[in-house]
2 protein chains.
Amino acid sequence: MAPSRYVGYLAFFAASLLPSGILALWPVPTTLETGMSALKVSPSFYFDVQVEGAPADLYEAVGQAQCYLETDKLGRLVVGRGATDTTALASAKTLSCLKLSLTSGATAEPIASEAVKPLGTRSEEYALTIPADGSTATLTANSTLGLYRGLTTFNQFFYYYGGVTYTLLAPIAITDTPAYPYRGLGLDTSRNYYPVTDILRTLDAMSWVKINTFHWHITDSQSFPLEVARYPDLAMNGAYSSQEIYTESDIQYIVQYAGSRGIDVLLEIDTPGHTAIIGTSYPDYVACFDATPTPYEPPAGQLRFALPEVMDFTASLLVDVAKTLPSYYFSTGGDELHTDCYADDYPTQQQLNSTGTTLNDALNTFTQTTHGALISAGKTPVVWEEMVLDWNVTLSNETIVMVWISSEDALAVAERGFRIVQAPSNYFYLDCGAGEWLGADPTGNSWCDPFKTWSKAYTFDPLANLTEAQYKLVLGGEQILWSEQSGPQNLDPIVWPRAASSAEIFWSAKQPSGAALNVTEALPRLHDVRYRMVQRGLNPIPLQPHWCALRPHACDLYA
Amino acid sequence: MAPSRYVGYLAFFAASLLPSGILALWPVPTTLETGMSALKVSPSFYFDVQVEGAPADLYEAVGQAQCYLETDKLGRLVVGRGATDTTALASAKTLSCLKLSLTSGATAEPIASEAVKPLGTRSEEYALTIPADGSTATLTANSTLGLYRGLTTFNQFFYYYGGVTYTLLAPIAITDTPAYPYRGLGLDTSRNYYPVTDILRTLDAMSWVKINTFHWHITDSQSFPLEVARYPDLAMNGAYSSQEIYTESDIQYIVQYAGSRGIDVLLEIDTPGHTAIIGTSYPDYVACFDATPTPYEPPAGQLRFALPEVMDFTASLLVDVAKTLPSYYFSTGGDELHTDCYADDYPTQQQLNSTGTTLNDALNTFTQTTHGALISAGKTPVVWEEMVLDWNVTLSNETIVMVWISSEDALAVAERGFRIVQAPSNYFYLDCGAGEWLGADPTGNSWCDPFKTWSKAYTFDPLANLTEAQYKLVLGGEQILWSEQSGPQNLDPIVWPRAASSAEIFWSAKQPSGAALNVTEALPRLHDVRYRMVQRGLNPIPLQPHWCALRPHACDLYA
């Protein structure tokens, strides 16, 4: 049931003007030319890999693309699901081959190697042509990563009806390159644990919309599911159970799986706050473990960052984990530090008094120590905005700052000259709107109400409030799922297809026509993304009644 | 991430006072006595059915209870999940048998027959005793339906650790009877289609919390997935596809499956509004099918209820479907009728003018005709509140009225003397809070924001604003999932465990102590319900971090 709402005559009119083939690419490419010819995929279609020294993961990617081409079996989202296309298909030519090649001079490295190069140095662009006459389609790029992105686009063109896989848009010519180098998805695996298989499935879905960074908030105050060789107690005492630990081999498998799908894994070990669980193994390192009442999310407890031994332990922990990962980036967190915790903490006060330093000085030293160790290990630190805006700690210019509290905070970070990842809770937090999760609160609402719809997220402007000179500081952004009220049981429907919104904002930035992105144009394409995800075994939430999905714009709100 | 919130010292204190065995019954029984003795379930445990002429579905229920006892394998929700219980179990006695019997004079009918008797005449009460000394446990009731409820309670007592299934609460004595006869769950299968298997799984989950009515909103304006022998066109033209139809045998199977789990199926064919799709088969019967702009949820279109042939068709349709069902109840809907649709509808105006009647008179005649036919077929009509409060149509005194627009509306319905099912959107709508689903609305929110948490639903008072004399009119209530933004992909997590809230409100009404239900006491039990559902293969959403679930009240908001 729903209230009376006005649905527009214009919407019905618009629907009648749509081409017979709805363009369902997501994210939309930089430039695009399509025709109106039907083109069938040959039963003996093959990918011709003309890449000297092609790496194994390129062949895996081709095998996956072949699999999707054969098994997606997605009917077009129109009434009849393609029944009306049979006439056009009767006279259609047949496509037998897509030839993959690198531009001259380019060398073939594994996709997984290209995917973890420094931001700004990765080559994700590609060119794709699909002739209407049945002659060979071509995909060219400067790197295997570009070829991988092109394969993803290629798969999105094809529909299935009555045993035939086809497109109605031939001939097709695309050149495509991302607007922003960082396009992420964040997941918290500490509040609740997600089995490895759920993470792998999520990485697959991320790759379908060209998301290239998995921001893995792997630990927090509630559990420490990360196995660390030098500090086995952390997981032994901190994981929810021995079955709920990401072993070192799990991490390596996930990182390789992600890399071969063009995804870099940005691991986060949040410090010095959000660390209570470390106290179960190192009680001397954690303050106010049982503090109550407390301003923290339970359990309370934060690292005694002022203590030299805690600084050394933390630096060693972060480096030990970071050096096992191929990524250039590692997040040390830094959000929601509650300094009142240390006011009555004897070890901390004793240390401050004996050295005549302030808590903020100590935080600065802690950050220098931990970040210094990471930088020495060849890593670039990533932090949450408070480290810059609340504590003003001294950070390397290379440090990347994640904005989360509000989209309004990006300007202040930019004014400090730091590079930015946009993860504003008021647009991108996937967990908002589910109501208060703390107990004994009968009618409490979510702290970040309302629910952030795909369309709300889609209206985010990455450059809002910034000066042109500051634009270059925006690396991209990500939507995030915090897991106080989420787990494997609702992972797919709470993340998908919503997380595709930021994927398009940061890859496409605008429509091929040059027009700004807008939700009305995007919805039919997002339905297509969502229905293809269902065909591939994911469980994305329906955005509208199926009746609406089959009738583009018929359910648009009359503006 | 979350904002700073105060978590209470009192909460930690309370946690330390909890008994070693948390009472995890849901809904809580009428009277309850438990001890502090551990009791193991024998590997050769059996159910001794001492019921003369026991029906097949009672044996099925016993087989299912045996299966849950062996396969739930639920660890207690405490740190260690039961590791600390081994000492108590070392000296524990072993339970070998639960004897089921009917009270003297009671005759054994199939559960499915008992489940569909008229509201108020069903016998769901039971008495359960589980001695601590290993002697036979006993379950007695006046009906097989009561025995079924008792079996459901019996299963909730047992946990698993280290190969042992046990309870820590023996001896146990329970007498239990529901406070309200109607405890439902509503599902809309028209906006989006749910395969039969999803409905069966939902019926299982309903039975676990003693919900006894499946309110099936099977058709609406978007699709008509119901096969009707006399009107095959309705599904042929109105279903989303030939694979998305509930055939007559599907319906019979679902009804039998529900009945054997103590659940009555209340089918709803919403009329005269919410019927646009009927126009694809009977265009002459539907007005303003293409009306735009329109105040309706797309597609527009409502039955031309003023036309005699439409009255006859509708009466025939409703009766044809109703008579295939064992339930005494059938819903004709009646919500959100937009009378402006008929202002310019020639056939309707011609009919009104030629007979000198008003639209409201015609609606009255339509209702008399359709309800009269249902009553003649032995069915009691159920309608949405507008039929009484907006249109004041003449209804049989037996008619049951569903309140949905607001919990404030129950009083007005009660003042008219009708029996009430409480389904207020401001407490019980499971779909609220997901944002606007109509397109072209970048930042629109849900019409019924915010999201209705389990705790918000749990605070609903079924008798609020009513006089004592009106209390008897409240039959019970239900939570409902409307499917504009839901489908098989998110069915489990959006419904469960939230729908357990109304299940306890309407079965228990209060705690065994006589104290009012309250969310603080309920949360640890609801975690238990939710974790047991996970063990049984359902995908209920986590209510809190696992850390909180293992530490009752440790995550309560400081009040």
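Residues numbered from 1 in each chain as written. Chains lettered and ligands numbered in written order. Predicted model: local features only at pLDDT ≥ 70, side-chain atom pairs only at ≥ 80, totals over all residues. Heavy atoms only, no water.

*Asks:* So what exactly am I meant to see when it comes to the sheet that holds strand β14 (residues 400–403) of chain A here?
*Replies:* Working definition: the strands of a sheet are paired by backbone hydrogen bonds and lie parallel or antiparallel to each other. Residues and elements named next belong to chain A. One closed barrel accounts for eight strands, arranged β7-β8-β9-β12-β13-β14-β15-β16; its pairing is parallel. Taking each pair of neighbouring strands and ignoring which way they run, the sheet shows an average axis angle of 30°. Together, β7 (182–188), β15 (419–422) and β16 (474–481) form the strand contacts of helix α18 (residues 500–507), whose direction differs from that of β16 by roughly 175°. (Pairing = 2+ DSSP bridges. Helix = DSSP H or I, 4+ residues; strand = E, 2+ residues; numbered from the N terminus. Axes fitted to C-alpha atoms, helices over the stretch in contact; angles between N-to-C directions. Contact = heavy atoms within 4.5 Å.)

*Asks:* What's the story with the pattern of salt bridges in this structure? I'm lost.
*Replies:* Any two side chains of opposite charge can pair, given that their charged atoms come close. Residues and elements named next belong to chain B. Evaluated as defined, the whole model comprises 42 salt bridges over all chains. Note that K117 is salt-bridged to E109, the shortest N-O span being 3.1 Å. When its relative accessible area of 23% is taken as the criterion, K117 is described as partly exposed. What makes E109 partly exposed here is its relative accessible area of 28%. With a closest N to O distance of 2.8 Å, E521 and R525 form a salt bridge. Residue E521 and its partner R525 are both found in helix α19 (residues 519–535); the two are separated by four residues, about one turn of the helix. (Salt bridge = Lys/Arg side-chain N within 4 Å of Asp/Glu carboxyl O. Buried < 20%, exposed > 50% of the residue type's maximum accessible area, 1.4 Å probe, protein only.)

*Asks:* How should I be thinking about the state of the cysteines in this particular structure?
*Replies:* A covalent bond between the sulfur atoms of two cysteines is what we call a disulfide. Residue and element names in this part refer to chain A. Taken as a whole and assessed by the stated rule, the structure comprises six disulfides over all chains. C288 shares a disulfide with C341; S-S distance 1.9 Å. Its S-S torsion of about -100° marks the bond between C288 and C341 as left-handed, since a negative value means left-handed. Pair noted here: C288 is in the loop between β10 (286–287) and β11 (302–303) and C341 is in the loop between β12 (329–333) and α10 (346–355), with a separation of 53 residues, a long-range link. Residue C288 is classed as buried on the basis of its relative accessible area, which comes to 17%. Each sulfur of the disulfide joining C548 and C555 lies 2.0 Å from the other. The S-S bond linking C548 to C555 shows a torsion near -75°; that makes this disulfide left-handed. Distance from the sulfur of C67, which forms no disulfide, to the nearest cysteine sulfur (C97) is 19 Å. (Disulfide = S-S within 2.5 Å.)

*Asks:* Can you help me understand the UniProt feature "domain: Beta-hexosaminidase eukaryotic type N-terminal" (unreviewed entry) in chain A in this one?
*Replies:* Residues annotated by UniProt as "domain: Beta-hexosaminidase eukaryotic type N-terminal" (unreviewed entry) correspond here to residues 25–156 of chain A. For the annotated span residues 25–156 of chain A, helix accounts for 29% and strand for 30% of the residues, and the straight-line distance between the end C-alpha atoms is 6 Å. (UniProt positions renumbered as here; feature names shortened; annotations may be inferred.)

*Asks:* How should the environment of A:L39 be read in this particular structure?
*Replies:* Residues and elements named next belong to chain A. Structurally, L39 can be placed in strand β1 (residues 31–50). Each C-alpha atom of the pair L39 and T167 lies 5.4 Å from the other, and the pair is 128 residues apart in sequence. Beyond its immediate stretch of four places on either side in the chain, L39 contacts A92, K93, T94, L95, I130, P131, A132, G134, T165, Y166, T167 and A170.

*Asks:* Could you clarify how one ought to interpret unusual backbone geometry in this entry?
*Replies:* Keep in mind that most residues, glycine aside, have a negative phi and that most peptide bonds are trans. Omega for the peptide link from A:A170 to A:P171 comes to -5°, which places this bond in the cis form. Tracing the chain through its elements places A:P171 in strand β6 (residues 164–176). In the segment running from B:W496 into B:P497, the intervening peptide bond is cis, with an omega of 0°. Despite not being glycine, A:H553 shows a phi value in the positive range, around 75°. With respect to the helices and strands, the residue A:H553 is situated in the segment after α20 (546–549). Non-glycine residue B:A509 carries a positive phi angle of around 65°. Among the secondary structure elements, B:A509 is positioned in the loop between α18 (500–507) and α19.

*Asks:* What's the story with the UniProt feature "active site" (unreviewed entry) in chain A in this structure? I'm lost.
*Replies:* Residue and element names in this part refer to chain A. Mapped onto this numbering, the UniProt entry annotates "active site" (unreviewed entry) at E336. Tracing the sequence through the fold places E336 in the loop between β12 and α10. For E336, a relative accessible area of 15% corresponds to the buried category. For E336, the side chain forms a polar contact with the side chain of H274, separated by 2.8 Å. (Polar contact = N/O pair within 3.5 Å; in protein donor to acceptor, adjacent residues only side chain to side chain.)

*Asks:* Before we go on, may I ask you to explain the pairing of strand β2 (residues 93–102) of chain A in this structure?
*Replies:* For a regular strand, side-chain orientation follows a simple rule: the groups alternate between the two sheet faces. Residue and element names in this part refer to chain A. Note that β1 and β2 share eight bridges and pair parallel. Residue V49 lies in a different strand from β2, and its bridge partner there is L100. In this structure, β2 lies alongside strand β4 (residues 137–141), joined through five bridges in parallel fashion. Bridged to L98 within β4 is A137.

*Asks:* Looking at this structure, I do not really get the confidence of the model for chain A. What am I missing?
*Replies:* Reading predicted coordinates in detail is not appropriate for stretches of low pLDDT. Residues and elements named next belong to chain A. In the predicted model, chain A carries a mean pLDDT of 94, and 95% of its residues have values of at least 70. Note on residues 1–20: pLDDT is under 50 here. Beyond four places in sequence and across chains, it has 56 contacts. At the level of chain-chain contacts, confidence expressed as ipTM amounts to 0.95, with global pTM at 0.95. (pLDDT = per-residue confidence, 0-100.)

*Asks:* What exactly am I supposed to notice about the environment of A:S260 here?
*Replies:* All names here are of chain A. Tracing the backbone shows S260 in the loop between α8 (248–259) and β9 (264–269). With near-sequence residues (within four places) excluded, S260 lies in contact with D57, E60, I111, A112 and Y148. Looking at S260, its side chain comes within polar contact range of the main-chain oxygen of Y257, at 3.0 Å.

*Asks:* Sorry, what's going on with the packing of aromatic side chains here?
*Replies:* How two aromatic rings sit relative to each other is given by the distance of their centres and the angle of their planes. Counted by the stated rule, this structure contains 56 aromatic pairs over all chains. Ring centres of B:Y427 and B:F460 lie 5.1 Å apart, and the angle between their planes is 65°; on these two criteria the pair is classed as edge-to-face. You can see B:Y427 sitting in helix α14 (residues 425–428) and its partner B:F460 sitting in the loop between α15 (454–458) and α16 (468–471), a full 33 residues away along the chain. In this structure B:F460 comes out as buried when scored by relative accessible area, which is 5%. An aromatic cluster of three or more residues is present, and its members are A:Y180, A:Y427, A:F428, A:F460 and A:F506. Against the face of A:W507 rests A:K210, its NZ or CZ located 5.6 Å from the ring centre. (Phe/Tyr/Trp six-rings, centres within 6.5 Å; stacked < 30°, edge-to-face > 60°. Lys NZ or Arg CZ within 6 Å of the ring centre and 35° of its normal.)

*Asks:* Looking at this structure, I do not really get the interface of chain B and chain A. What am I missing?
*Replies:* One frequently used descriptor of interface size is the decrease in accessible area upon assembly of the parts. The interface is formed by 75 residues belonging to chain B together with 75 residues belonging to chain A. Between chain B and chain A, a total of about 6,700 Å² is buried, with carbon and sulfur atoms accounting for 63% of that surface. Linking chain B with chain A are zero salt bridges, by the criterion used here. Inspection of the chain B/chain A interface yields 20 residue pairs in polar contact (both at pLDDT 80 or more). Listed by contribution, the elements that provide at least two residues to the side of chain B that touches chain A are α1 (9–17), α15, α19 and α20 (546–549) of chain B. The leading source of residues in the side of chain B that touches chain A is α19(B), at five residues. Considering only residue class, the side of chain B that touches chain A consists of 39 nonpolar, 24 polar and twelve charged. (Buried area = accessible area lost by both parts, 1.4 Å probe. Nonpolar A, V, L, I, M, F, W, Y, C, P; charged D, E, K, R; others polar.)

*Asks:* How should I be thinking about the relation of the copies chain B and chain A in this particular structure?
*Replies:* Relating one copy of the chain to the other takes a rotation about an axis and a shift parallel to that axis. With an axial shift of 0.0 Å and an RMSD of 0.0 Å, the rotation relating chain B to chain A amounts to 180°. Interpreted geometrically, this transformation is the action of a two-fold axis. A high fraction, 100%, of the interface residues of chain B reappear at the interface in chain A, so the copies pair face to face through one surface. (Least-squares fit on C-alpha atoms with pLDDT ≥ 70 in both.)

*Asks:* I keep staring at the sheet that holds strand β14 (residues 400–403) of chain B and nothing clicks. Help me out?
*Replies:* Residues and elements named next belong to chain B. Spatially, the eight strands close up into a barrel ordered β7-β8-β9-β12-β13-β14-β15-β16, and their pairing is parallel. The sheet shows a mean angle of 30° between the axes of neighbouring strands, direction not considered. Across four bridges, β14 lies against strand β15 (residues 419–422) in parallel orientation. Within the sheet, the bridge partner assigned to V403 lies in β15 and is Q422.

*Asks:* Whenever I open this one, the packing of helix α9 (residues 308–322) of chain A against helix α11 (residues 359–376) of chain A confuses me. Can you help?
*Replies:* When two helices pack together, their arrangement is given by the angle between the helix axes and by the axis-to-axis distance. Residue and element names in this part refer to chain A. Running from N to C, α9 and α11 cross one another at 30°; their axes reach a closest spacing of 8 Å. Between α9 and α11, the angle is such that the two are roughly parallel. By crossing handedness, the relation of α9 to α11 is classed as right-handed. Residues V310, M311, D312, T314, A315, L318, V319 and A322 of α9 form the contact with α11, whose participating residues are A362, T365, F366, T369, T370, A373 and L374. Within the contact of α9 with α11, the residues separate by chemical class into ten nonpolar, four polar and one charged. (Parallel < 35°, antiparallel > 145°, perpendicular 65-115°, else oblique. Left-handed = near helix turned anticlockwise from the far one by under 90°.)

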